[in-house]
Amino acid sequence: MASPLTVSNVHCNLTVPVPNSSEVPKYPTFFTKSSRQSLRKFTISCNSSKFPSNLDEPQKTPSLAEQLEPLYDNVLPDKPKYQAELLPKPSKSTWVNPARPKPSVLSLQRQKRPTFNYNPQIRDLKLFARKLNECDSISEEAFVSLLEETPHPISRDNALLMLNSLKPWEKTFLYFNWIKTQNLFPMETVFYNVTMKSLRFGRQFELIEDLANEMIDNGIELDNITYSTIISCAKRCNLFDKAVEWFERMYKTGLMPDEVTYSVVLDVYAKTGKVGEVMSLYERGRASGWTPDHMAFSVLCKVFGEAGDYDGIRFVLHEMRSLGVKPNVVVYNTLLEALGKAGKPGLARSLFEEMVESGVTPNEKTLTVLVKVYGKARWSREALELWEQMKSKGWPMDFILYNTLLSMCADVGLEEEAERLFEDMKHSEYCRPDIFSYTAMLNIYSSGGKVDRAMELFEEMSEMDVELNVMGCTCLIQCLGKSKRIDDLVRVFEASIARGIKPDDRLCGCLLSVVSLCDNMEDANRVLGCLERANPRLVAFINTMTGEGTSFDTLKKEFKAILSDAQSDSRRPFCNCLIDICRNRNLQEKAHELLYLGTIFGLYPGLYKKTAGEWSLDVRSLSVGAAHTAFEEWMWSLSNIVERREELPEVFSAYTGAGTHKFSQGLGSALASRLEKLASPFRLREDKAGCFAATRDEMVSWVQSWKPSA
């Protein structure tokens, strides 16, 4: 019989090769593994009395913090973005079994509002309420003294009439408290409801909650109107947790919410991103026989629209049609916005046509949403046709709609159309150009290289006392930098600072881009002087980066600090511009190090991809200099693979993007010129825009003759 298992002592030393943590490979490990390795000793030990105890003590196990330190060094801090996940949606309308209905979760009857008898004193009381409303900056004592002049004795109906007539919430609250001190009649629920509604207009949730607790303490009933007012005020004040708390308290008291309260709570859950609760509440309400109102359907549209969920949008449309609910303008607006976020401009256009044919007149929000959808899809012709349709049918237009059209023109490069729109605004009686209108025009002229016209517009803004914003300043400085008008650039920057502009990361990135474009150090230093006033730490890093003797570890530490301070959408442009500066100053090794750091910091996801049949390089998010650096890095890795005779795919591809924008910077043409200079086998594919491809045999032959520089 075998002896029972006993715990034995095993003590041995293993020497295994591991990457040296002090040496970071200068090239991405997409194709190759770093050959720089060092030897490190690991000890495995177990204790037992069967073995002598005079062996070497085991090495100390590293702490969790020490094990996670390498990961921390390669991760940039960022604010988490909450993205709600949708639950599976029913493909058909919710069916209710009449034989076995589920327990009801809401009352199908709305709360009945109290009726009032005709009051012959209504005229005098309304005139007195108007007099009180017109008294501005009045103290509480003075207001109470005025109440003594009430033209008629205070009865229950007179008090309710006065509460409804006082518009500023402060005066309504003062009058309510004064009524309580008179002790003329019992304070009923309706008095609290009217006062709470006035406080809701002023977003005074704390006062409303105090009144609700006062009602509970005094034994006054809270009805559906009370709870609906409390919940909707909490929603307006963005106190969503409070809204949910009062909704749950409502159920605990045994009071069933009516459809108004139910729709408000649906919106609260949607705003908190609790999509599962939204769908659960909706389905439970439908199972109780509830016919959702327009607000409820609008909430569902928002939920699915935020997620870009086209199937969910179709579900909402199907539900409305099956219930015979005709969308109003609010629901149409929400549906159009949802279809735009789902990337369905064609369906948005069809829905808009259906809306007009059904007799629903679009408002400013409708047209603004549709223009945004067309602009996002680059449907410039459809957007301009919509504009002509607006003018011919006399549909309402406001500042936001005009500025949205101008922004769309800027995005797609429609300069002449934008100028006509801008002139229309100047001659409009109600929609005169504002700061956003001027900023859009500055963007158009700057993108098109119309420097003189942009400067004229800048001077016009000063004459018209139009406040300059940081976006307009950024567009103008970018235009001047591309035109090499450094004197004007410095003057505009100084004037902008004097007018109260606070530079942000976009403006700093723009100045950094101009530095990379400067042909001589004198101009570069002048622009760096402006950048130093905006971001001195960034200029200090440039000096460290371009200085001699800067180690890779120092570069990594300082670069991570710069990126950590920057906004997420500015980090990659910073890295691109810094790489361009290094290449312009013939600091090729620093350029490759920055590209490597940008890769490990997650700035270039999808830069290198590898499948069984294709290896690709995607440089669409890179600047010209960064794209050249990435291509050299790719070829360096490929040359090592060819030397090792490893298996290669049939096709190699480099993607630069089609560059269809009128003002695109021509990354494809720049890379094509570079490939031609290197005599590479990459050729532009006719069937796929912005894609350069080469076969395996061509690449092997060329790489063997290509000698990458250090």
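It should be noted that the structure appears before, not after, this text.
For the structure given in this document, a descriptive report is provided here. Each chain carries its own residue numbering, running from 1 in the written order of its sequence. This being a predicted model, a pLDDT of at least 70 is required before a residue's local features are given, and a value of 80 or more before pairs of side-chain atoms are given or counted; all residues contribute to the totals for chains, interfaces and linings. Water and hydrogen atoms play no part in the side-chain values, which are based on all heavy atoms of the structure.

### With respect to the side chain of serine 570
Helix and strand assignments follow DSSP, with helices taken as H or I runs no shorter than four residues and strands as E runs no shorter than two, numbered in order from the N terminus. Its location among the elements puts serine 570 in helix α28 (residues 568-584). Exposure classes here rest on a 1.4 Å probe applied to the protein chains alone. A residue is buried below 20% of its type maximum, exposed above 50%, and partly exposed in between. With a relative accessible area of 6%, serine 570 lands in the buried category. Throughout, a contact is declared for two residues whenever any of their heavy atoms are within 4.5 Å. Every residue in contact with serine 570, bar those within four places of it in the chain, is listed here: Asp505 and Arg506.

### A short note on helix α20 (residues 435-447)
One fewer than the residue count of a helix, multiplied by 1.5 Å, yields its expected span. For α20, which comprises 13 residues, the first-to-last C-alpha distance of 18 Å matches the rise-based estimate of 18 Å (1.5 Å per residue) to within 8%. Extensive coverage of α20 is indicated by the burial of ten of its 13 residues. Listed in full, the buried residues belonging to α20 are Ile435, Ser437, Tyr438, Thr439, Ala440, Met441, Leu442, Ile444, Tyr445 and Ser446. For α20, the secondary structure elements touched by its buried residues are α18 (399-412), α19 (415-427), α21 (451-463) and α22 (470-482). Following α20 by one or two positions, glycine 449 has its phi on the positive side, about 75°.

### Remarks on the sheet that holds strand β5 (residues 651-655)
Paired strands, in this sense, are two strands between which DSSP finds at least two bridges. Judged by pairing direction, the sheet is mixed, and its five strands sit side by side in the order β3-β4-β5-β7-β6 without closing on themselves. In this open sheet, the two edge strands, each paired with only one partner strand, are β3 (608-610) and β6 (683-684). Across five bridges, β5 lies against strand β7 (residues 691-695) in antiparallel orientation. Within β7, the position partnered with serine 653 by the bridge is alanine 693. In the packing of helix α32 (residues 696-705) onto the sheet, contacts are made with β5 and β7, and the angle to β7 comes to roughly 80°. Simply put, an axis is a line fit to the C-alpha atoms, just over the touching stretch for a helix, and the angle between two N-to-C directions goes from 0 to 180 degrees.

### Details of the packing of aromatic side chains
Working definition: a ring pair exists when centres of Phe, Tyr or Trp rings (six-membered ring for Trp) sit within 6.5 Å. Plane angles under 30 degrees give stacked, over 60 give edge-to-face, the rest tilted. On inspection of all chains with the given rule, the structure shows 20 aromatic pairs. Relative to phenylalanine 315, the ring of phenylalanine 304 lies with its centre 6.5 Å away and its plane at 90°, an arrangement referred to as edge-to-face. Pair noted here: phenylalanine 304 is in helix α12 (residues 294-306) and phenylalanine 315 is in helix α13 (residues 310-323), with a separation of eleven residues, a long-range link. Its relative accessible area of 0% is what places phenylalanine 304 among the buried residues. Each ring, one from tryptophan 615 and one from phenylalanine 652, has its centre 5.9 Å from the other, and the planes form 90°; the classification is edge-to-face.

### Let's talk about empty space enclosed by the protein
Here a cavity denotes grid points, spaced 1 Å and computed from the protein atoms alone, that fit a 1.4 Å probe unable to get out, and a pocket denotes an open set having protein on both sides within 12 Å along at least 5 of 7 lines; residues with an atom within 4 Å of a point are the lining. Grid points are joined across faces, edges and corners, and a volume is the space filled by probe spheres set on the points. Under the definition given, this model contains one cavity of 30 Å³ or more. Here the largest cavity is characterised by a volume of approximately 40 Å³. Forming the walls of the largest cavity are Gln478, Gly481, Lys482, Cys510, Ser513, Val514 and Leu517. Breaking the lining of the largest cavity down by element, the ones donating at least two residues are α22 and α24 (505-517). In terms of residues, the lining of the largest cavity owes the most to one element, α24, which gives four residues. We call Asp, Glu, Lys and Arg charged. Ala, Val, Leu, Ile, Met, Phe, Trp, Tyr, Cys and Pro are nonpolar, and the rest, Gly among them, are polar. Here the lining of the largest cavity is composed, by residue class, of three nonpolar, three polar and one charged.

Honestly, it's all geometry; don't read function into it.
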